Amino acid sequence: MYDLSATLVGHSADVRCCCMTATGLIVTGSRDMTARVWEQNPDCDTAALAANRWRVLCELTGHRGFVNAVASLKTTDDFPKGLIVTGGQDKVINIYCTGVAEPIKQLLGHTEGVTCLSTGWHGTILSGSADCTVRVWEDMELKEVLKGHSAPVWDAAIYPGTGTYLSASGDKSVILWKDGKKATVYSGHLDAVRKLAVLPDKTFMSCSNDGSVRHWDIAGPCINVIQLSSNFLYSLCLLPEGLAVSGEGGNLYVLKEGNVQQCLQIPALSVWCCEPLPDSDILVGGSDGVARIFSAHEGRLAPLLDREQMKEQLAAQKHSAQSVGDLELSKLKGPEALNEPGREGQTLMINRAGTVEVYQYSMGNWQNLGVVQDAYDKEKHELNGKKYDFVINVDVSETAPPLKLGCNKEDDPWNVAQKFINDNCLDQAYLTQIADYIKQNTGIDNKVMEIDPNFSDPYTGGGRYVPSTQSGQGQTPALGATRHFPATKVLLENIPDATKLIKKITEHNSSVNDKTRLNARR
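Think of each chain on its own: its residues are numbered from 1, step by step along the sequence as written. Under the rules for a predicted model, residues below a pLDDT of 70 receive no local features and side-chain atom pairs below 80 are neither given nor counted, while totals for whole chains, interfaces and linings still include all residues. Water and hydrogen atoms play no part in the side-chain values, which are based on all heavy atoms of the structure.

Colleague: Talk me through the sheet that holds strand β22 (residues 233–239); I want residue IDs and the actual numbers.
Modeller: Here a strand pair is declared whenever DSSP counts at least two bridges between the two strands. Secondary structure elements follow DSSP: runs of H or I no shorter than four residues count as helices, runs of E no shorter than two count as strands, and numbering proceeds from the N terminus. Strand order in the open sheet formed by four strands is β22-β23-β24-β25, and the pairing between neighbours is antiparallel. Two strands bound the open sheet, and with one partner strand each, they are β22 and β25 (259–265). Adjacent strand axes in the sheet meet at a mean angle of 20° when their direction is disregarded. Helix axes use the C-alpha atoms of the stretch in contact, all axes being lines fitted to C-alpha atoms, and the angles between their N-to-C directions lie in the range 0 to 180 degrees.

Colleague: How would you explain the environment of asparagine 259 if you had to name every residue and give the values?
Modeller: Within the secondary structure, asparagine 259 is located in strand β25. A residue is classified by how much of its surface remains accessible, and asparagine 259, at 45% relative accessible area, is partly exposed. Here's how the labels work: a residue is buried when its accessible area is under 20% of the maximum for its type, exposed when over 50%, partly exposed in between, all with a 1.4 Å probe on protein chains only.

Colleague: An account of unusual backbone geometry is needed here, citing residue identities and associated values.
Modeller: A positive phi angle, close to 75°, is found at lysine 91, a residue other than glycine. Relative to the helices and strands, lysine 91 is located in the loop between β7 (83–88) and β8 (93–97). One non-glycine residue, glutamate 257, lies in the positive phi region at around 55°. Of note, glutamate 257 is situated in the loop between β24 (251–256) and β25.

Colleague: Account for the pairing of strand β4 (residues 35–40), with residues named and values stated.
Modeller: For strand β3 (residues 26–30) and β4, the ladder comprises four bridges, and the chain directions are antiparallel. Its bridge partner lying in β4, glycine 29 is registered against alanine 35. Between β3 and the antiparallel strand that follows it, β4, lie four residues; methionine 33 among them carries a positive phi value of about 75°. Pairing analysis gives six bridges linking β4 to strand β5 (residues 54–60), with the strands arranged antiparallel.

Colleague: Describe the nonpolar core, and please don't skip the residues or the numbers.
Modeller: Within this scheme, the nonpolar core is defined by two criteria: the residues are buried Ala, Val, Leu, Ile, Met, Phe, Trp, Tyr or Cys, and they are joined through side-chain atoms within 4.5 Å. Grouped together as the largest cluster of nonpolar side chains are 18 residues, with contacts concentrated most on Tyr2, Leu239, Leu252, Ile266, Ile282, Val284 and Phe294. Elements with a contribution of two residues or more to this core: β22, β24, β26 (271–276) and β27 (282–286). When neighbours within four sequence positions are excluded, isoleucine 282 is seen to be in contact with Tyr2, Leu239, Ala244, Leu252, Val254, Cys274, Glu275, Leu277, Arg292, Ile293 and Phe294. With 17 residues, the next largest nonpolar core counts Ile392, Val416, Leu426 and Ala435 among its residues. Two residues qualify as a contact provided that any one of their heavy atoms is within 4.5 Å of a heavy atom in the partner residue.

Colleague: I'd like a description of the packing of aromatic side chains, backed by residues and values.
Modeller: Each pair of aromatic rings taken from Phe, Tyr and Trp, with Trp reduced to its six-membered ring, is defined by centres within 6.5 Å and is described as stacked if the planes are under 30 degrees apart, edge-to-face if over 60, and tilted in the remaining cases. For the coordinates displayed, the defined rule picks out five aromatic pairs. Residues tyrosine 186 and tryptophan 216 carry aromatic rings whose centres are separated by 5.7 Å and whose planes lie at 65° to one another, so their mutual orientation is edge-to-face. Within this pair, whereas tyrosine 186 is found in strand β17 (residues 181–186), its partner tryptophan 216 is found in strand β20 (residues 212–217), the two being separated by 30 residues in sequence. You can call tyrosine 186 buried: its relative accessible area is 1%. Between the aromatic rings of phenylalanine 204 and tryptophan 216, the centroid separation amounts to 6.2 Å while the plane-to-plane angle is 15°, which identifies the pairing as stacked. Of the two residues, phenylalanine 204 is situated in strand β19 (residues 203–208) and tryptophan 216 in strand β20; the sequence distance between them amounts to twelve residues. We note that phenylalanine 204, like tryptophan 216, is buried.

Colleague: Pulling in residues and values, what's your account of helix α1 (residues 304–316)?
Modeller: Here the expected span of a helix is defined as 1.5 Å times the quantity of residues minus one. For α1, which comprises 13 residues, the first-to-last C-alpha distance of 18 Å matches the rise-based estimate of 18 Å (1.5 Å per residue) to within 8%. When α1 is considered as a whole, its buried residues turn out to be Asp306, Arg307, Met310 and Leu314. The buried residues of α1 all sit within an arc of 100° when viewed along its axis, so they share a single face. Exposed side of α1, more than 90 degrees from the buried face: Leu304, Leu305, Glu312 and Ala316 are the residues found there. Working note: the arc is built from the helix axis to C-beta atom directions.

Don't take any of this as a statement about function, it's just geometry.
Here it is in structure tokens:
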């Protein structure tokens, strides 16, 4: 069974991406706008503390936003230590010589943040972006742009075969590209597809915000669906004898033959990335700014002190009642329920003398994850001079900082969402996503506002977006700014509607005095 082997501590914000180079170095990218290159500490033995087993070789600078993706290129005669590639929120792809802090080249062209990178043995680089495109680079020069997705591209992978690629998107689809053209579209996921893994048997895997992993035949049909969680899944990677999957809620799943063998709990809200290391070890990056290595080999495990410390960190976490719904203490089981075995990854809430504790079953034992605290006992939060029960962050895009949204427990989420859209000039089509996000993060689910069939969006002029019966599972909105506001260039009306103009002028003249009326001489 897997357990903690090492911790890589140094980033000051989320570790969003990670990889291992051909020369055995680890690269991590972070929301602190840097990437770090790590090497094994030669002075450490098997008894060394987890935090001392790897050390920073170099900090890579050059991005002006989050580092969203990292990858490496193999060693060549020109670059005997290989190259490191990073992609950022600033729309730039940087290429570094290993061990050098400044980039030797920048690849430009994406019009929104770079979200993913993939590299091939022959020097090919694939880059995906929030601009909904995949770009193919060869010899560090642009070869082609693949257009076909209608939402940000979250991952791209090189499929065996010249000029054959896969891409995954927020539009819930995966596309197979051949010779620069869309060959096959794979549909089935109910939410954004976040990560791909190509298998050698002409199949591939995908994970999604819908909490599922899907196994696909390259010819088209979906072979299998594994519903792992109700939370978002962000990353997956192939292991010699299975699969590792990470996501929201601090979970790292280890699967074999489609079944969960182990569910590791990590003291971070989000486990953004997971990558395979030699000898079946797993590298992960989390929202707590720490990268961790897990191993199933006894000789590579961290000292017991480190492993117990991680369990203490998990137990110290405060779980808000808003994330588990309304709690009725009388209906919760007591501590005696912990004497019964569970299934790997199962969670259980226990009423211990009036205090609600959260446990998860892992490696044959119930592990204490922390105490649930009532979300409504918190003090009011201030935003723009007003007091709110809740202030939450809404990520409008990968290329912009999150916007803050305030609401009170008696508010209607739909009214709050509509006002948020109007205040920030966002697309009306995101109403349902924002309302669901409010409900998921606050526990508020008051009466839905009545829908006026004659409503017209004041920004687009279009009819109101009517919520569908499917909620989208409360996903974090990935919003794009409306294409009408703010205006970035002069808008010309060459052929105005004279009838409407005369009507408005007449209305104006009827409501003002003679001095301010419009006439042919003004």
